[in-house]
Amino acid sequence: MKRPLLWSLAALIAAVLLTRAQLPAPVFLIVPALLVPLPLAFRVIRVSDVILVTGIYLLGVFTGFQAFGAAEALEPFFDKQPALGGVVVTAPVIKSGKTRFVLKTDGQNGLPRAKIQVQVSEELSELWAGDRLRLEGELRRPEGARNPGGFDYGLYLKGEGIEALLYAEGDGVAVLGRTGSPVLAPLRLGQWLGRRCDAYFSADQSSLIKGVLLGDKSMAEDLTEQFRDAGISHILAVSGLHVSYIYAMLLALMKLFRLRHALRPWVLLPCLLFYVILTGLSPSVIRAALMLSVLVFGQGLQENYDGLSGLCLAAIVILIASPAQLYAAGFQLSFLAVLGIILFNRPLLFQWERLTSKKPGFVINSLVMTCTATLATLPATLYHFYSVSAAGLVANLVIIPLVGFLIAAAALTLILIAFLPMAVLALPAAFLADLVLTLTQLFSRLGVLSLNRGALSAAELVLLVTGLFLTAGYFNLKRPLARGAVTAILGSCLLILASQPFVRTPLKITFLDVGQGDSALIETPSGAAYLIDGGGYEDLGFNSAQAAAQTPISEQVLLPALYAKNIRVLEGVFISHNHADHSQGIEELLGTFPVKHIYVSTKHNEVVALTAWGIPVTQLGQGDYLKTADGLGVEVLWPQGETEALSDDDQNEASLVLRLVYGKRSFLFTGDAGAETEAQLEATLPQADVLKVGHHGSKYSTSEEFLRKLAPSVAVISAGRYNTFGHPTPEVLERLGGIGAACLRTDTQGAVEMTTDGTGLRFKTWLP
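Just so you know, these numbers come straight off a predicted model, no measurement behind them.

**Student:** Report on the nonpolar core, specifying residues and quantitative values.
**Tutor:** One broad rule of soluble globular proteins: the nonpolar side chains tend to lie buried together. Grouped together as the largest cluster of nonpolar side chains are 55 residues, with contacts concentrated most on L208, L213, F227 and I399. At the level of secondary structure, the elements contributing two or more residues to this core comprise α6 (185-200), α7 (203-214), α8 (221-229), α9 (240-256), α10 (264-278), α11 (283-300), α15 (391-419) and α16 (427-444). In this view, L208 contacts M219, F227, L236, L406, A433, V436 and L437; residues no more than four positions away in its chain are not counted. Within the second largest apolar cluster, 27 residues are counted, among which are L521, V557, L570 and I586.

**Student:** With reference to specific residues and values, describe the packing of α6 against α7.
**Tutor:** Taken N-terminus to C-terminus, the directions of α6 and α7 make an angle of 150°; their axes are 9 Å apart at the nearest point. By the angle between their directions, the pair α6 and α7 is classed as roughly antiparallel. α6 and α7 meet at a crossing whose hand is right-handed. In this structure, α6 uses G190, L193, G194, C197 and D198 to contact α7, whose residues at the interface are S206, I209, K210 and L214. Looking at the contact of α6 with α7 residue by residue, the class counts come to four nonpolar, three polar and two charged.

**Student:** Could you give me a rundown of the packing of aromatic side chains, with the residues and numbers involved?
**Tutor:** For the structure on display, the rule yields 12 aromatic pairs. Relative to F65, the ring of F28 lies with its centre 5.2 Å away and its plane at 50°, an arrangement referred to as tilted. With F28 in the loop between α1 (4-21) and α2 (30-35) and F65 in helix α4 (residues 47-68), this residue pair connects regions lying 37 residues apart in the sequence. For F28, a relative accessible area of 8% puts it in the buried group. We classify F65 as partly exposed; its relative accessible area is 37%.

**Student:** Requested: an account of helix α13 (residues 329-356), with residues and values cited.
**Tutor:** Residues spaced three or four apart along an α-helix face the same direction, because each turn holds 3.6 residues. With 28 residues, α13 ought to run about 40 Å at 1.5 Å a step, and its terminal C-alpha atoms sit 37 Å apart, in line with that. Of all the bends found along α13, the most pronounced is centred on F344 and spans about 40°, while P347, a proline, follows it within four residues. A positive phi of about 60° marks S357, the residue just after α13.

**Student:** So what's going on with the sheet that holds strand β12 (residues 520-523)? Residues and values would help.
**Tutor:** Across the sheet, eight strands lie side by side as β16-β15-β14-β13-β12-β11-β24-β25; this open sheet has mixed pairing. The sheet terminates laterally at β16 (617-620) and β25 (762-765), the two strands that pair on one side only. When the angles between neighbouring strand axes are averaged without regard to direction, this sheet yields 20°. Here helix α21 (residues 580-589) sits on the sheet in contact with β13 (529-532) and β14 (572-575), set at roughly 150° to β14.

**Student:** I'd love a proper account of the sheet that holds strand β23 (residues 742-745), names of residues and values included.
**Tutor:** If you trace the seven strands from one edge of the open sheet to the other, you get β17-β18-β19-β20-β21-β22-β23, paired in mixed fashion. In this open sheet, the two edge strands, each paired with only one partner strand, are β17 (625-627) and β23. Between one strand axis and the next, the sheet turns by 20° as a mean value, whatever way the strands run. Here strand β20 (residues 665-669) runs beside strand β21 (residues 690-692); their pairing, made up of three bridges, is parallel. Pairing of F667 across the sheet is with V690, part of β21.

**Student:** Please set out the pattern of salt bridges residue by residue, giving values where relevant.
**Tutor:** Per the stated rule, a full pass over the model turns up 22 salt bridges. In this structure, D106 engages R134 in a salt bridge whose closest nitrogen and oxygen atoms are separated by 2.9 Å. With a gap of 28 residues between them, D106 in the loop between β3 (98-105) and β4 (115-120) and R134 in strand β5 (residues 131-136) connect regions that are remote in the sequence. Looking at R134, the relative accessible area reads 29%, which means it is partly exposed. The salt bridge involving R178 is made with D131; its shortest N-O contact spans 2.7 Å. Of this pair, R178 sits in strand β8 (residues 173-178) while D131 sits in strand β5, and the two are 47 residues apart along the sequence. Exposure remark for R178: the relative accessible area of 46% places this residue in the partly exposed category. Exposure remark for D131: the relative accessible area of 2% places this residue in the buried category.

**Student:** With reference to specific residues and values, describe the packing of α15 against α16.
**Tutor:** Contact pair α15 / α16: the axes reach a minimum separation of 9 Å and the direction vectors enclose 165°. Between α15 and α16, the angle falls in the class roughly antiparallel. The chirality of how α15 crosses α16 is left-handed. Residues A391, V394, A395, V398, I399, L402, F405, L406, A409, A410 and T413 of α15 touch α16, and the partners they reach there are A429, L432, A433, L435, V436, L439, T440 and F443.

What counts as what
- Residues numbered from 1 in each chain as written.
- Predicted model: local features only at pLDDT ≥ 70, side-chain atom pairs only at ≥ 80, totals over all residues.
- Heavy atoms only, no water.
- Core = buried A, V, L, I, M, F, W, Y, C linked by side-chain atoms within 4.5 Å.
- Buried < 20%, exposed > 50% of the residue type's maximum accessible area, 1.4 Å probe, protein only.
- Helix = DSSP H or I, 4+ residues; strand = E, 2+ residues; numbered from the N terminus.
- Contact = heavy atoms within 4.5 Å.
- Axes fitted to C-alpha atoms, helices over the stretch in contact; angles between N-to-C directions.
- Parallel < 35°, antiparallel > 145°, perpendicular 65-115°, else oblique.
- Left-handed = near helix turned anticlockwise from the far one by under 90°.
- Nonpolar A, V, L, I, M, F, W, Y, C, P; charged D, E, K, R; others polar.
- Phe/Tyr/Trp six-rings, centres within 6.5 Å; stacked < 30°, edge-to-face > 60°.
- Expected span 1.5 Å × (residues − 1).
- Bend = angle between axes of the 7 residues up to and from the residue.
- Pairing = 2+ DSSP bridges.
- Salt bridge = Lys/Arg side-chain N within 4 Å of Asp/Glu carboxyl O.

Take it as geometry only, folks, not as evidence of what the structure does.
In structure tokens, the structure reads:
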């Protein structure tokens, strides 16, 4: 068995996947049952290797059950305001007027010992890692992705070992003292160095230096967005790139002081360990430190270093310590980048030299390494972020070397000003920081070159991997068997991709969780897409300061959902009425995502503003009927034909009431229409299988007579968690229960997806 660590990693990944799926116990015996007979069937496989692989698999099963089991001990405290105490175990991050840190509780007041992420509504500038606190706030359960394309925050926190979230006010936090733990001393040093940066550099310079050198995450959102648009946001997360620069600096210093070769590992390894703690124990830093440690000791023992085995060893250590890291974007990107470089960098450089008869210089070396890392991480990048920047290829070539010089200059500056507090010493690092920021701003303007789409399909993934191995020369195409295999793989993938536009799928309607608002995404069998409302911010005008301070609902929910489903254009959007919690998201989409047509109520106030984008706007009224080429019909039941604009108070009763019909199945959307509108519809109201409950479950909508006439089998309520309106109200829930309708709620179950072929009807929710 060549590379037993590679097989061990594969077995460990299988253990993590199985334990998270919570499959029956007999399923976990399949892997050992396959491994144990191998030495008997194949003499080249050693018993010791099988024992190693099986042992790591069983260890992975044990730690997996520990990681993915429910946090039952904390269950009684969720959605309550317990008083608790503990120690701050991360460097506090101050951003947007709030303070975030991780607290390790002390197990008092009936609470179990656990790691809890705390967010305080004020800036606690005097808080340090190691401080002992007493505080109280609302304890919440971390939740998973609430929408298609949404971020699984609960799984991310599991990877960090965090079991709960606590939201507290500043006056509810009391500092009792500080622990003398030596493990937390590097974190406090990192905070102190960060404050030195703040004192000697401008705000933007300081946030960049703290990010690339210390792993600080307090950079302002506008700067973070520039790095993201330029395709180089990875340099803000301390990883293997940064560790390699630190390693090179340490190595240069040891050579300068002529330290003996045999002593170097014993200096390098403690320094690397210190840097790992200083930067907050990031998995990517741990991975890089482990690989460098294997390299250093391997060289010390005069053995050949196997980069792939070193990478596998680092992955095994991280996944055993924290199995949920397997699902973390940072873990996947970090390992795939290194894996791509290990597998493809040298072969591609060899191919270059063979074709050109020239040795690759610095530019070619850098370009090939950037391309291999980018292509290797492409599947994970699209899966997690739905975007990849073409400008990032050039930006990486230019900016990454500068970041190396910046890290060296900043580290030297911080050491010098600790003894000689002179502002002039910071000038070189300040110049380099400004240069990186300026170039990033320039490259960010090329963000329009980004590819926005969902995760790669299985066929696309096989095509990418096969193409990389083929380009790197792994297939000997002179052999008929290899040539036939490559032709069959590539041909099959291309055939699958070419046939996809002709494959009809069921009708899908996804009621998105947009908080206290409404939004439904319709995907027709032929692949067309429509949106009914887009959510927004209740009681906040589109141009208000409060709305501007929030992350746009289009960026939070709508765009991730559209990209995740690989929707490239919206054939039409329907705005039920002119309230922000219905129209805001659509107004944000216009100009950023292709929309072919806008449909509004005849009582909509913003028709002039909507037409500014050059998109056709059609006012709909009772009796209008639309039908798609693949058989989806849209009946307009309300409002009647008046066209005058109305005040905000009168908008609800002017909501578009739409009935979607596909085959034998129908869906009714009522916007915020209340009992007044329902009464006028009752005489001619057709039945519907699914009702989008009016006005988020307000007691003034969804009357008993309306429900009796409509007779839905499923009701969907779109309301916000912790909303202040009390939606959905007990009265509406009781009425729905009275007619036996299954009730699905976005506030408790996240997005709800309905699927029908025109006869059957199925649904799933994004949260259990």
